[in-house]
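# Inside the fold
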Amino acid sequence: MMEELFAKFFPQFIALARTRVAAATTAAAGRDHAAAPTVVRELHALAGEAGLLGLRQVIPLARDCELKAKALQRSRGDADADALLGALRELAQLIERLGAQQGG
Amino acid sequence: MANAERDRFIVRAEIRSSDAHVISYGFDLTATSIFVVTEWHAAIGTPVQLRLSFPRILAPIDVVARIGDIRVAGEPGEPGGIRLVFDPGAGDAAGRLVDLLDRLHAPPSAAAAGDLPCRVLLVDDSWLIRDMFAYGTSRFFDRPGALAVDHAEDAEHAWDKLAASTYDLIIVDYFLPSEDGASLIARLRRDERLAHTPIVAISVGGRDAREATLSAGADVFVDKPLVFRDLFNTLRMLAGRREDARPAAQRKAILVFDDSPFALALTRAALESAGFTVAIAEDLSSFERQRVAFDPDLILVDVQMPEAFGDDVASTLRGWHGVQVPILLVSSLDQSELARRAQWAHAAGYICKGAGMSELVRRCRELLQGAP
C-alpha cells in the first residue's frame, strides 16, 4: 500500500519541492524581506511533506534552510542571506538527485 | 408505514429489446414485477432483457421480463412508463429480489442503530428543494441521526465539500448555475477517490437531462418533481447497507487539519487505504465546519500553521469545547518540542512527520482500538 502511495505522490512532491525551493531562492537572492514569513512556512512544510513521504534525507536539509530563513528574517543581513542561499542550493541538488533516481 | 409505501425505492433499470436500449429507473418493486419510468414502450407481452442495479444496494440482477402494463404520465409524481413482469424462470434473480425486499422490510439492526449516519450531499441551487429535502428526511427517518445531509448550491461548492469530506451518496440536480450537473458528475467519475460513490441525478429536464447525466456517469436519474418518499426509501436502504458495504473498522472517522494541501492529500490517501473514513481541513473555518459535521473519532492537527498553532487548537478543543475524542499533534518539529507541546495541550499524543505514513497509520489504529 505504502509503495503505491509513494509512487503516486512522489512526482507531486518533487514538483512541489522544486517550486518551494525556487521561490525561497528568488526571495533570498532578491532580499525580499516581505516574503520571509512565507519562505519560512514553506520550508517548514517541505520538511514535513518529505517526512510523511518517507524521504528522511530531505528533512535535515529542509530544517536547516528553515532555520537559516528565520535567521535572515530577524537580521535581514547579507551574511544570513548568503548562508540561506548556500543551504537552498544543497537542498535543490538533493531534490534533483531524488527526482533523477525516480525518473521524476 | 404500509409495505406498499416501503416498497417504493429507486433502482437503476436498463432495458434491452430487439429495437431499443433504455436506461432509466424503476420503483414499485415486488418479487414478480417492477414499474420502469420511460417514454419507450412496445406491445404488451413484448419480452425484454432487464438489468436492475444500484451501487451498495443491489448488485446487478439480469432478468427476462415482459411488458405487463403501460401507463401514460399523469399528475406530477405519476410518471409514465411500463410495468415489467419477471419471467417465471428468473431463478436466482428472483431469489435475490426477494432477499432485497426482505431487507427493505426488516427493522434497523441494533448494530446499525449505533452506526455513523449515512452521509448525503445534495447539490441543488434551489434553497427550497434543499429545505424540503432536509425537512423530509428529518420526518421520514425513524432513527434520529440516521442520515446526515449536507448541501451545496453549485458545482464549485460541491467540489469543495467533496474534496474535504466523504459521502455515501451524492444527489445532483442537472440545472445548476455556471456548470451543469452532468459536467459535475463527469468530473466526479474521473476522480479516483470519488469514482465509485453512488450518484443520483435529478431534474425537471426530462429525457435530455436524463441522457446527459446518465452518460456522464450517474447511477440513477429521477425526474422532478421528486417523490421524496421513493428517494428516502432508497436512502434508508443505503443506510442499512453501510454495515455490509464496509468492514466495521472502516467506519472510524478521522479529521485531518494541516495547512499543506500535499500533506492532506497524502495523509488522506494513506488513511483511506487503511480503511478509515477521512475528512480534511486546510484552514480554521473549514476545520470547525468539518468537526461539527463530520463528528470524527480522532483528530490529527498539524502544529505550525498560519492561522493558529495546532497545540493551541487542541488545548482549546479540550479545555473550552470539552472535546473528548483523541487529538494527535502531527509535525516536523523536533520530537522533544512536539512532546512538550502535546503534553501542554492535553493531546492524546504526537506523531513526528519524519516517522512517515506507516507510523501515522499505526498510531491511528492504536488509538482507535478495533480499527484495522
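None of the values given here were measured: they were computed from a predicted structure.

## A look at the overall build of chain B
For chain B, the count of helices and strands is 13 helices and 16 strands. Across the 372 residues of chain B, 54% fall into the buried class. Taking contacts inside chain B between residues at least 6 apart in sequence as the whole, the part at least 24 apart equals 64%. For chain B, the exposed area adds up to about 15800 Å²; of that, 52% sits on carbon and sulfur atoms.

## Some words on the confidence of the model for chain B
Fine structural detail should not be taken from predicted coordinates in areas where pLDDT scores are low. Residues and elements named next belong to chain B. Of the residues in chain B, 84% have a pLDDT of 70 or more, and the chain-wide mean is 82. Across residues 110-114 the pLDDT falls below 50, and counting only partners more than four positions away or on other chains, this stretch makes four contacts in the model. A low-confidence stretch, residues 243-250 stays under pLDDT 50, and its non-local contacts, those more than four residues away or across chains, total 17 contacts.

## Some details on the nonpolar core
Core analysis: the largest hydrophobic core is formed by 59 residues, its most contacted members being Phe-13 and Leu-91 of chain A together with Leu-271 and Leu-300 of chain B. Among the elements that take part in this core, helix α1 (residues 2-29) of chain A stands out by supplying 10 residues, more than any other. Not counting residues up to four positions away in its chain, the partners in contact with Phe-13 of chain A are Leu-46, Glu-49, Ala-50, Leu-53, Leu-55 and Val-58 of chain A together with Phe-262 of chain B. Ranked by size, the runner-up nonpolar core spans 26 residues in total, among them Leu-29, Ala-65, Ile-67 and Leu-101 of chain B.

## Digging into helix α3 (residues 58-75) of chain A
All names here are of chain A. Helix length check: α3, at 18 residues, gives a terminal C-alpha distance of 26 Å against a target of 26 Å (1.5 Å per residue), a fit within 8%. By the burial criterion, the buried members of α3 are Val-58, Ile-59, Leu-61, Ala-62, Arg-63, Cys-65, Glu-66, Ala-69, Ala-71 and Leu-72. Buried residues belonging to α3 abut α1, α2 (36-53) and α4 (78-101). Backbone geometry just downstream of α3 places Arg-76 in the positive-phi region, at approximately 55 degrees.

## Structural notes on the packing of aromatic side chains
As enumerated under the stated definition, the model contains seven aromatic pairs over all chains in all. When the centroid spacing of 4.6 Å and the interplanar angle of 15 degrees are considered together, the rings of Phe-257 of chain B and Phe-287 of chain B count as stacked. Placement of Phe-257 of chain B in strand β12 (residues 253-257) and of Phe-287 of chain B in helix α10 (residues 284-294) is noted, with a sequence separation of 30 residues between them. Taken as a pair, Phe-257 of chain B and Phe-287 of chain B share a single burial class, namely buried. Aromatic rings pair up to connect Phe-9 and Phe-13 of chain A together with Phe-262 of chain B into one cluster. Taking NZ or CZ as reference, Arg-71 of chain B lies 4.3 Å from the ring centre of Phe-35 of chain B, over its face. Over the ring of Trp-159 of chain B we find Arg-187 of chain B, and its NZ or CZ is 4.4 Å from the ring centre.

## As for the pattern of salt bridges
One pass over the full model with this rule turns up 28 salt bridges over all chains. In this structure, Asp-82 of chain A engages Arg-31 of chain A in a salt bridge whose closest nitrogen and oxygen atoms are separated by 3.6 Å. Within this pair, whereas Asp-82 of chain A is found in helix α4, its partner Arg-31 of chain A is found in the loop between α1 and α2, the two being separated by 51 residues in sequence. For Arg-31 of chain A, a relative accessible area of 28% gives the class partly exposed. Across the pair Arg-63 of chain A and Asp-334 of chain B runs a salt bridge, and its minimum N-O distance is 3.5 Å. Note that Arg-63 of chain A is positioned in helix α3 and Asp-334 of chain B in the loop between β15 (327-331) and α12 (335-344), a pairing that runs across two chains.

The rules behind the values
Residues numbered from 1 in each chain as written. Chains lettered and ligands numbered in written order. Predicted model: local features only at pLDDT ≥ 70, side-chain atom pairs only at ≥ 80, totals over all residues. Heavy atoms only, no water. Helix = DSSP H or I, 4+ residues; strand = E, 2+ residues; numbered from the N terminus. Buried < 20%, exposed > 50% of the residue type's maximum accessible area, 1.4 Å probe, protein only. Contact = heavy atoms within 4.5 Å. Areas by Shrake-Rupley, 256 points an atom, 1.4 Å probe, with all protein chains shown as cover. pLDDT = per-residue confidence, 0-100. Core = buried A, V, L, I, M, F, W, Y, C linked by side-chain atoms within 4.5 Å. Expected span 1.5 Å × (residues − 1). Phe/Tyr/Trp six-rings, centres within 6.5 Å; stacked < 30°, edge-to-face > 60°. Lys NZ or Arg CZ within 6 Å of the ring centre and 35° of its normal. Salt bridge = Lys/Arg side-chain N within 4 Å of Asp/Glu carboxyl O.

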